Amino acid sequence: MSLVPAGPYALPGVKMPSWLVRFDKDGECTSPGTAAALIEKIRTGEYSNVLFYSHGWNTDFAAAVDQYGRFLRAFEAIVQQHPLPGFSPIFVGVTWPSVWMPSTPGPQMAAVDVEHKLSEADIFEKVLAEIAADISNENRTDFYELIDTGMLAREQALKLARMMSSIISRPPEEVDGATSEPIPEEGILKLVALMRSAEKGSGNEDIDIDHIGTIGGGAGPLVAASESWDPRDFVRLASLFQMKDRAGRVGSFGVAELLRNVLSAAQGGVHVFGHSFGAKVVLSALCALEPLPRQPSSLLLLQPAISHLSFAETVPGRTGSGGYRTALRLVKSPVFTTYSSMDFPLHNVFHLALRRPSDLGELQVGAAGEPPGRYAALGGYGPRGVEDRTQIDPIPDAGDDYPALAGYRIVALDGSDKRITSHGDVANSYIAWALRTQIARA
């Protein structure tokens, strides 16, 4: 019986050799043979460039394959129209378990929409199992009973919130000394109400988000004593925190090691990019404790689901700079980051849900409008607090020249003018042209 080769992985319609390296929820590589074969292949020197990509939230392996295929087909079409001399790339796609349960009904917050995606029931069972694994043994039976109850009365909702508080309040694991204060049950109810209000389109963008959304504050006007609660909303909120923390953990450990090995093996440029929470994966890999052997040639953040203050010199409300500010000096060329007011999850919801003290400025390792508060997302509003920053509005179309960017460390690309129309709209000609521009200039 012949063994299945470690790679490459055939992506439909994609010409460049593509390799997929899998990681589990703790950042452990689950395809070490593939990773080793990949490094040996890169070490041969037959490739001019390495494209290193991490997907984001709500993506299983099949959906990651679909997303990578669509992205690379769009990119190869751009390179065919605008050739790069001597360009012979190899693609490295990171996959990690990030399935999250989107809102039902209401706007979907999925990264991709593919025919083979998991059913709603399958997603719920998968997410529920991951949440339950973090619930203490003595509370697990009560947890399942509450989930199975249907709509919850207020006292039942408080009990469920109490069980999930350790997940939602969990400090980031990839930064030494980082802490988070426990979030009280009333604060969790408030987060659930705020997120549901925003997803239904009834959130008021003019209210003082940072005031009413303070997680340790009172119940606030959005939490009525007589209101009934859908337990699925609590599961979704806890899972969102899980995925965000997991992205940092996966990046800091397994992906960081893979990136170091790729940089050591490659003789040409290495171009790093990530979508949504995948931006957190690659940033955590770049900023891991063990230094990189050399600088990646470029970094492209696609609708990043991280704080808009991640690269700030100072962060209001805490001491020190943004948690990923060091990444700006770890890459040879200016960092490109996209954002769009049409990205509903990051423009309308992110700052309501992810509100732990450790989420401020991403202590974890304005064309789209001014950020509504300190917790706004980078992919919804663009970066703030960075002195050597410039903005390009709108993101250039294929064939349009980018301006000279000497002296800048981060470039904000605005896709609000129907150029990035949703959170998952990153496999398009505008994004492909941005990556091609980075490769050509590097």
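One can find the structure itself at the top, above this paragraph.
Q: I tried to follow helix H3 (residues 120-133) on my own but got confused; where do I start?
A: Because an α-helix packs 3.6 residues into every turn, residues spaced three or four apart end up facing the same way. Helix length check: H3, at 14 residues, gives a terminal C-alpha distance of 20 Å against a target of 20 Å (1.5 Å per residue), a fit within 8%. Those residues of H3 not exposed but buried are Ile123, Phe124, Val127, Leu128, Ile131 and Ala132. Taken around the axis of H3, the buried residues stretch over an arc of 155°, which confines them to a single face. Along H3, the residues that are exposed and aim more than 90 degrees away from the buried face are Glu125 and Ala133. Elements that come into contact with the buried residues of H3 comprise helix H4 (137-147), helix H5 (154-168) and helix H8 (231-265).

Q: Explanation requested: the side chain of Ser98 in the structure shown.
A: Mapped onto the elements of the fold, Ser98 is located in the loop between strand E3 (89-95) and H3. Taking relative accessible area as the criterion, Ser98 reaches 0% and is therefore assigned buried.

Q: Looking at this structure, how should I read the packing of aromatic side chains?
A: What characterises a pair of aromatic rings is the spacing of the ring centres plus the angle enclosed by the ring planes. Taken as a whole and judged by the stated rule, the model has eleven aromatic pairs. Aromatic pair Tyr53 and Tyr68: ring centres 4.9 Å apart, planes at 50°, arrangement tilted. Taken together, the residues span a long stretch of sequence, with Tyr53 in strand E2 (residues 49-54) and Tyr68 in helix H2 (residues 61-81) at a distance of 15 residues. Look at Tyr53 and you get buried, because its relative accessible area is 0%. Ring geometry for Tyr68 versus Phe91: centroids 5.3 Å apart, planes at 65°, classification edge-to-face. A residue pair is termed long-range when its members are at least 10 positions apart, and Tyr68 in helix H2 and Phe91 in strand E3 qualify at 23 residues. Residue Phe91 is classed as buried on the basis of its relative accessible area of 0%.

Q: Quick question: what am I supposed to make of empty space enclosed by the protein here?
A: With a probe scaled to a water molecule rolled over the atoms, the places where space remains empty come into view. The space that makes up the largest cavity amounts to roughly 30 Å³. Every residue lining the largest cavity is listed: Ile42, Tyr47, Ser48, Asn49, Val50, Ala266, Gln267, Gly268 and Gly269. Tallied by class, residues from the lining of the largest cavity come to four nonpolar, five polar and no charged.

Calculation criteria
Residues numbered from 1 in each chain as written. Predicted model: local features only at pLDDT ≥ 70, side-chain atom pairs only at ≥ 80, totals over all residues. Heavy atoms only, no water. Helix = DSSP H or I, 4+ residues; strand = E, 2+ residues; numbered from the N terminus. Expected span 1.5 Å × (residues − 1). Buried < 20%, exposed > 50% of the residue type's maximum accessible area, 1.4 Å probe, protein only. Arc of directions from axis to C-beta. Contact = heavy atoms within 4.5 Å. Phe/Tyr/Trp six-rings, centres within 6.5 Å; stacked < 30°, edge-to-face > 60°. 1 Å grid on protein atoms, 1.4 Å probe; cavity = no way out; pocket = protein on both sides within 12 Å on 5 of 7 lines; lining within 4 Å. Points joined across faces, edges and corners; volume = space filled by probe spheres on them. Nonpolar A, V, L, I, M, F, W, Y, C, P; charged D, E, K, R; others polar.

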